[in-house]
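In case you want the letters, here they are:
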Amino acid sequence: MDEDHLIFDRRAVRLHRDRASATLGGVSPVLRETAERLLERLDDVTRSFSHALDIGGRGAVATGLKARGVAVTSCDLSPRMASLAGPGSVCADEEVLPFAPAAFDLVVANLSLHWVNDLPGALAQIRNVLKPDGLFLASMPVLPTLSGLRETLAETELALRDGVSARVSPFPALRDCAALLQRTGFALPVVDADTLDLRYRTALALLKDLRAAGETNAVRLRDHRTPPLALFPAALAALQERTPEGDSLSVPLHMAVMSAWAPAASQPKPLAPGQFSTSLHDVFGDAASAAPKNRK
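- The chain carries the name Methyltransferase domain-containing protein in an unreviewed UniProt entry, which gives Acetobacter sacchari as its organism.

Here it is, written out as structure tokens:
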């Protein structure tokens, strides 16, 4: 992509994930829960899978796939994070997948594609490494995730100095995910909404979890200057004030859960206009004529 159109600093993403490889224990319950919710989709599929690609699963996805008897190759932009998945892990960039065409019959990406600059390009590569009729499963944070934190940081910074810096990653809307799957040539795309209600005693604990998961700010145009000393304390206090006294801080993780298939000749296809053998009039005509008419 042209540098002017890059949203994320991929070097910063890798460094954040390198650092987080040592702190994932604090957020492992969240990673396990989201991975299991995603992999439960496999339990509803009548076919089996032999070899899966796990993109950025931070160890949780590989464990769930192996428990289902699926051989796994895990990849991550961070070599340290990739190693958490155990043998068979590869350090690889999601934007340039180093795998042969039709190498896998299943690709799973749990909360890992939202730091990709060229998401349509990444999805096209995922489709390419899938065998015909191979399955793609993914979850991705969508709006309004972290909207409260985004708003309080912007409002506080604007009050402290002239201007606002991007401090929370932009997320797509749910409808954007369905359009992306169709745009990149997947067959039978389905996108569902799912929400994991996360609660914190303090707003500071939220920031610690984001750092522990490798989810801190990597927006390319972020402000590299030292922020005003009062910015984060004041913003976190404002976020805490939105919570009723005595309650924990609710930070819902809104996710798009996507499933789609690599195209194959064996898949069902919709009929073209004019190919139907039965008209709607034949189906509903008798019922319509038998329906009682309204009396004046």
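**Structural notes on the overall build of the chain**
Piece 1. The number of helices and strands found in the chain is ten helices and seven strands.
Piece 2. Expressed as a percentage of its 296 residues, the buried residues of the chain come to 44%.
Piece 3. Sequence-distant contacts in the chain: of pairs separated by 6 or more residues, those separated by 24 or more amount to 78%.
Piece 4. As displayed, the chain has an accessible area near 15600 Å², and 56% of this comes from carbon and sulfur atoms.

**What to know about the nonpolar core**
Piece 1. With 29 residues, the main nonpolar core has Ile55, Val107, Leu113, Ile126 and Phe136 as its most contacted residues.
Piece 2. Of all the secondary structure elements, the ones that give two or more residues to this core are β1 (51-55), β4 (104-110), α5 (119-129), β5 (130-141), α7 (174-183) and β7 (249-261).
Piece 3. With five residues, α5 is the single largest residue contributor to this core.
Piece 4. Every residue in contact with Phe136, bar those within four places of it in the chain, is listed here: Val107, Ala109, Leu113, Leu123, Ile126, Leu130, Leu181, Phe186, Met258, Ser259 and Ala260.

**Examining the sheet that holds strand β2 (residues 71-76)**
Piece 1. Reading across from one edge, β3-β2-β1-β4-β5-β7-β6 is the order of the seven strands in this open sheet, with mixed pairing throughout. Whereas interior strands pair on both sides, the edge strands pair on one side only; in this sheet they are β3 (89-91) and β6 (187-200). The sheet shows a mean angle of 15 degrees between the axes of neighbouring strands, taken without regard to direction.
Piece 2. Pairing of β1 with β2 involves five bridges; the strand directions are parallel. If you follow His51 over to β2, its bridge partner there is Ala71.
Piece 3. In this fold α5 packs onto β1, β4 and β5, with an angle of close to 145 degrees to the strand it touches most, β5.

**Structural notes on the pattern of salt bridges**
Piece 1. Under the defined criterion, the tally for this structure stands at 20 salt bridges.
Piece 2. The closest approach of N and O atoms between Glu151 and Arg242, which form a salt bridge, is 3.1 Å. Note that Glu151 is positioned in helix α6 (residues 147-160) and Arg242 in the loop between α9 (231-241) and β7, a separation of 91 residues in sequence.
Piece 3. Ionic contacts of the salt-bridge type, sharing partners, join the residues Glu157, Arg161, Arg167, Asp223 and Arg225 into one network.

**Re the pairing of β5**
Piece 1. Within β5, nine of the twelve residues are buried, which leaves it mostly tucked inside the rest of the structure.
Piece 2. Of the strand pairs in this sheet, β4 and β5 are connected by six bridges, and their pairing is parallel. Residue pairing for β5: Val108 is matched across the bridge by Leu137.
Piece 3. Remark: the β4/α5/β5 crossover connection has right-handed handedness.

**Notes on the packing of aromatic side chains**
Piece 1. Within the structure shown, the criterion is met by three aromatic pairs.
Piece 2. Taking 5.2 Å as the distance between ring centres and 75 degrees as the angle between the ring planes, the aromatic pair formed by Phe8 and Trp115 counts as edge-to-face. Here the residue Phe8 occupies a position in the segment before α1 (10-20), and Trp115 occupies one in the loop between β4 and α5, the gap between them amounting to 107 residues.
Piece 3. By relative accessible area, which is 5% here, Phe8 ends up buried.
Piece 4. The class of Trp115 is buried, set by a relative accessible area of 2%.
Piece 5. Consider the rings of Phe136 and Phe186, whose centres lie 5.4 Å apart with planes at 20 degrees: the pair is stacked. You can see Phe136 sitting in strand β5 and its partner Phe186 sitting in the loop between α7 and β6, a full 50 residues away along the chain.
Piece 6. Judged by its relative accessible area of 0%, Phe136 is buried.

**Topic: helix α8 (residues 203-212)**
Piece 1. Along α8, the positions that sit buried rather than exposed are Ala203, Leu206, Leu210 and Ala212.
Piece 2. Against the buried residues of α8 lie α1, α6, β6, α9 and β7.
Piece 3. Just downstream of α8, Gly214 is the residue with a positive phi angle, here 80 degrees.

**Some points on the confidence of the model for the chain**
Piece 1. Chain-level pLDDT for the chain is 90 on average; 90% of the residues reach the 70-or-more range.
Piece 2. Ranking the elements of the chain by mean pLDDT puts helix α10 (residues 280-290) last, at 59, and β4 first, at 98.

**As for unusual backbone geometry**
Apart from glycine, the bulk of residues carry a negative phi angle, and the bulk of peptide bonds sit in the trans form.
Piece 1. In this model, Leu143 is joined to Pro144 through a cis peptide bond whose omega is 10 degrees.
Piece 2. Here Pro144 lies in the loop between β5 and α6.
Piece 3. Here Asp133, not a glycine, exhibits a phi torsion of approximately 70 degrees, which is positive.
Piece 4. You can see Asp133 is positioned in strand β5.
Piece 5. Although it is not a glycine, Leu188 sits at a positive phi angle of roughly 50 degrees.
Piece 6. For Leu188, the position within the fold is in strand β6.

Calculation notes
- Residues numbered from 1 in each chain as written.
- Predicted model: local features only at pLDDT ≥ 70, side-chain atom pairs only at ≥ 80, totals over all residues.
- Heavy atoms only, no water.
- Helix = DSSP H or I, 4+ residues; strand = E, 2+ residues; numbered from the N terminus.
- Buried < 20%, exposed > 50% of the residue type's maximum accessible area, 1.4 Å probe, protein only.
- Contact = heavy atoms within 4.5 Å.
- Areas by Shrake-Rupley, 256 points an atom, 1.4 Å probe, with all protein chains shown as cover.
- Core = buried A, V, L, I, M, F, W, Y, C linked by side-chain atoms within 4.5 Å.
- Pairing = 2+ DSSP bridges.
- Axes fitted to C-alpha atoms, helices over the stretch in contact; angles between N-to-C directions.
- Salt bridge = Lys/Arg side-chain N within 4 Å of Asp/Glu carboxyl O.
- Right-handed = clockwise from strand over helix to strand, strands pointing away.
- Phe/Tyr/Trp six-rings, centres within 6.5 Å; stacked < 30°, edge-to-face > 60°.
- pLDDT = per-residue confidence, 0-100.

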